[in-house]
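# Summary of structural features
One letter stands for each residue in the lines below.
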Amino acid sequence: QVQLVESGGGSVQAGGSLRLSCAASVSSNCMAWFRQAPGKEREGVAVISSGGRTYYIDSVKGRFTISQDNAKNTVYLQMNSLKPEDTAMYYCAARSRCWVLTLSPDNYNYWGQGTQVTVSA
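Report follows, based on the coordinates.

So, how was this worked out
- Residues numbered from 1 in each chain as written.
- Predicted model: local features only at pLDDT ≥ 70, side-chain atom pairs only at ≥ 80, totals over all residues.
- Heavy atoms only, no water.
- Helix = DSSP H or I, 4+ residues; strand = E, 2+ residues; numbered from the N terminus.
- Rg over C-alpha atoms; globule rule 2.2 N^0.38 Å.
- Buried < 20%, exposed > 50% of the residue type's maximum accessible area, 1.4 Å probe, protein only.
- Core = buried A, V, L, I, M, F, W, Y, C linked by side-chain atoms within 4.5 Å.
- Disulfide = S-S within 2.5 Å.
- Salt bridge = Lys/Arg side-chain N within 4 Å of Asp/Glu carboxyl O.
- Phe/Tyr/Trp six-rings, centres within 6.5 Å; stacked < 30°, edge-to-face > 60°.
- Lys NZ or Arg CZ within 6 Å of the ring centre and 35° of its normal.

Helix and strand counts for the protein come out as zero helices and 11 strands. Taken over C-alpha atoms, the radius of gyration comes to 13 Å for the protein, in line with the 14 Å a tight globule of 121 residues would show. Projected onto its principal axes, the C-alpha positions of the protein cover 40 × 25 × 25 Å. Looking at the protein as a whole, 45% of its 121 residues are labelled buried.

Looking now at the nonpolar core. Ranked by internal contacts, the top residues of the largest apolar core, which has 37 residues, are M31, W33, L77, M79 and Y90. Looking at this core, the elements with two or more residues in it are β3 (18-24), β4 (30-36), β5 (43-49), β7 (64-69), β8 (74-79), β9 (88-95) and β11 (115-120).

Bringing the state of the cysteines into the picture now. Under the counting rule described, the total for this entry stands at two disulfides. Each sulfur in the disulfide pair C30 and C98 lies 2.1 Å from the other. Across the S-S bond linking C30 and C98, the dihedral sits near 45°, which makes this disulfide right-handed. In this pair, C30 sits in strand β4 while C98 sits in the loop between β9 and β10 (110-111), placing the two residues 68 residues apart along the sequence.

Scanning all chains against the criterion turns up four salt bridges. Between R35 and E43 there is a salt bridge, with the nearest N and O atoms lying 2.8 Å from each other. You can call R35 buried: its relative accessible area is 7%. A salt bridge links D58 to K61; the nearest nitrogen and oxygen atoms lie 3.1 Å apart. Residues participating in the shared-partner salt-bridge network are R35, E43, R63 and D86.

On inspection of all chains with the given rule, the structure shows three aromatic pairs. Ring centres of F34 and Y108 lie 5.2 Å apart, and the angle between their planes is 75°; on these two criteria the pair is classed as edge-to-face. With a gap of 74 residues between them, F34 in strand β4 and Y108 in the loop between β9 and β10 connect regions that are remote in the sequence. Plain terms: the ring middles of F34 and W111 are 4.8 Å apart, the flat faces sit at 55° to each other, and that makes the pair tilted. Residue F34 is located in strand β4, and its partner W111 is located in strand β10; the two are separated by 77 residues in the primary sequence. Taken together, the ring pairs connect F34, Y108 and W111 into an aromatic cluster. For the cation-ring pair, R42 lies above Y91, with the distance from its terminal atom to the ring centre recorded as 3.9 Å. One cation-aromatic arrangement involves R95 over Y108; the distance from NZ or CZ to the ring centre is 5.7 Å.

The structure is reproduced here in structure tokens:
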């Protein structure tokens, strides 16, 4: 069983930055960030393998960076140039296999409780 605890959410103005953290109780081969806005489906944002491979959705490329500290079992999401459309609850997720960098929620076994990100215009 993997327990995930997110932190770092908050409220910022458009153009601002936030860094989210996700501390895992044990290491996982694949860690990802998802987000869900009210009335919308959960959307994968970025994923990183234990070996450092990454993948992002187009809407955050060049603005968000996923990284990890393997010694701390912690994954980060640095979010720059935030836009109002980035407003959502952000969730950390983990899966044991990482042959393919997927952002499909159904492929992830473990989830955190979420942290709210609100971006005002």
